[in-house]
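# Geometric and topological summary
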Amino acid sequence: MNDLQQISLCLKEVTGRSLVIIDEFGKGTNESGLSIFTITLCFRLLTLTDGIGLACGILEYLLNLETSSKIVAATHFHEIFENDFLALRPRLQLGHMEVRVDQEVQQVEDQVTYLYKYVLCR
């Protein structure tokens, strides 16, 4: 419930000078990690059964505002873009964090190496 109150506050207070950071759509977090900063609104949204619809609705609302704020959103809901739930537009850029996968390694936990490099999708 705290998460929904924070997103509600964000949507009410956002202006063209806002930086909105939405972290971990689709990944559950504990509430002690939630915070709102004075200059930027930063929050975590818990996984909900209708989380994809909620994520799309929030992003669609923010992208359609007349005064365009800067928005950075991270999500694990890849279905949003695979199924065109959120239409691509000039103000929306997609990217991902690059990884290297080595399937020859025996231990599953050693197969993925995170490269900490953000890559724009074309």
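Look up: the structure comes first, before these words.
So, a few notes on the structure that sits alongside this text. (Residues numbered from 1 in each chain as written. Predicted model: local features only at pLDDT ≥ 70, side-chain atom pairs only at ≥ 80, totals over all residues. Heavy atoms only, no water.)

### Quick word on the overall build of the protein
Convention followed: Where helices and strands are cited, they refer to DSSP runs of H or I of at least four residues and of E of at least two residues respectively, numbered from the N terminus. Every residue pair with non-hydrogen atoms within 4.5 Å of one another is taken to be in contact.
Scanning the protein for helices and strands turns up 3 helices and 5 strands. Secondary structure elements of the protein occur, N-terminal to C-terminal, as α-β-β-α-β-α-β-β. Pairs at least 24 residues apart make up 54% of the contacts formed inside the protein by residues separated by at least 6 positions.

### Topic: the pattern of salt bridges
To keep things clear, this is the line we draw: Any Lys or Arg side-chain nitrogen located within 4 Å of an Asp or Glu carboxyl oxygen qualifies as a salt bridge.
Across all of its chains, the model carries 1 salt bridge by this definition. The residue Glu60 makes a salt bridge to Arg89 at a minimum N-O spacing of 3.0 Å. Taken as a pair, Glu60 in helix α2 (residues 51–63) and Arg89 in the loop between α3 (79–82) and β4 (95–101) lie far apart in primary sequence, 29 residues in all.

### Some words on the environment of Glu79
Where we set the bar: With a 1.4 Å probe rolled over the protein chains alone, any residue whose accessible area is under 20% of its type maximum counts as buried; one over 50% counts as exposed, and the rest are partly exposed.
Inspection of the secondary structure assignment puts Glu79 in helix α3. Residue class for Glu79 comes out partly exposed when judged on its relative accessible area of 26%. Glu79 sits 27 residues away from Ile52 along the chain, and the two C-alpha atoms are 8.0 Å apart. For Glu79, the contacting residues outside a window of four places in its chain are Ile52 and Phe85.

### Examining the nonpolar core
Formally: Among buried residues, those of type Ala, Val, Leu, Ile, Met, Phe, Trp, Tyr and Cys that are joined through side-chain atoms within 4.5 Å constitute a nonpolar core.
The biggest cluster of nonpolar side chains holds 15 residues, and the ones touching the most others in it are Val20, Ile22, Ile58, Leu62, Ile80 and Leu86. Elements with a minimum of two residues in this core: α1 (2–13), β1 (19–25) and α2. Looking at which element gives the most residues to this core, the answer is α2, with 6 residues.

### Overview of unusual backbone geometry
In this structure, Asp84 is a non-glycine residue whose phi angle is positive, near 55 degrees. One can find Asp84 in the loop between α3 and β4. Residue Asp84 is classed as exposed on the basis of its relative accessible area of 61%. For Tyr116, which is not a glycine, the phi torsion comes out positive at approximately 55 degrees.

### A few points about α1
In plain terms, the rule: A helix is expected to reach a length of 1.5 Å times the quantity of its residues less one. Here, the arc refers to the directions that run from the helix axis to the C-beta atoms.
Its 12 residues place the ends of α1 17 Å apart at the C-alpha level, agreeing with the 16 Å of an ideal helix rising 1.5 Å per residue. Taken together, the buried positions of α1 are occupied by Asp3, Gln6, Ile7 and Cys10. Projected onto a plane normal to the axis of α1, the buried residues spread over an arc of 95 degrees and lie on a single side.

### Some words on the environment of Val119
Considering the arrangement of structural elements, one finds Val119 in strand β5 (residues 112–120). Remark: the alpha-carbon pair of Val119 and Gly95, spanning 24 residues in sequence, is separated by 5.3 Å. Look past the residues within four positions of Val119 in its chain and what remains in contact with it is Leu94, Gly95, His96 and Glu98.

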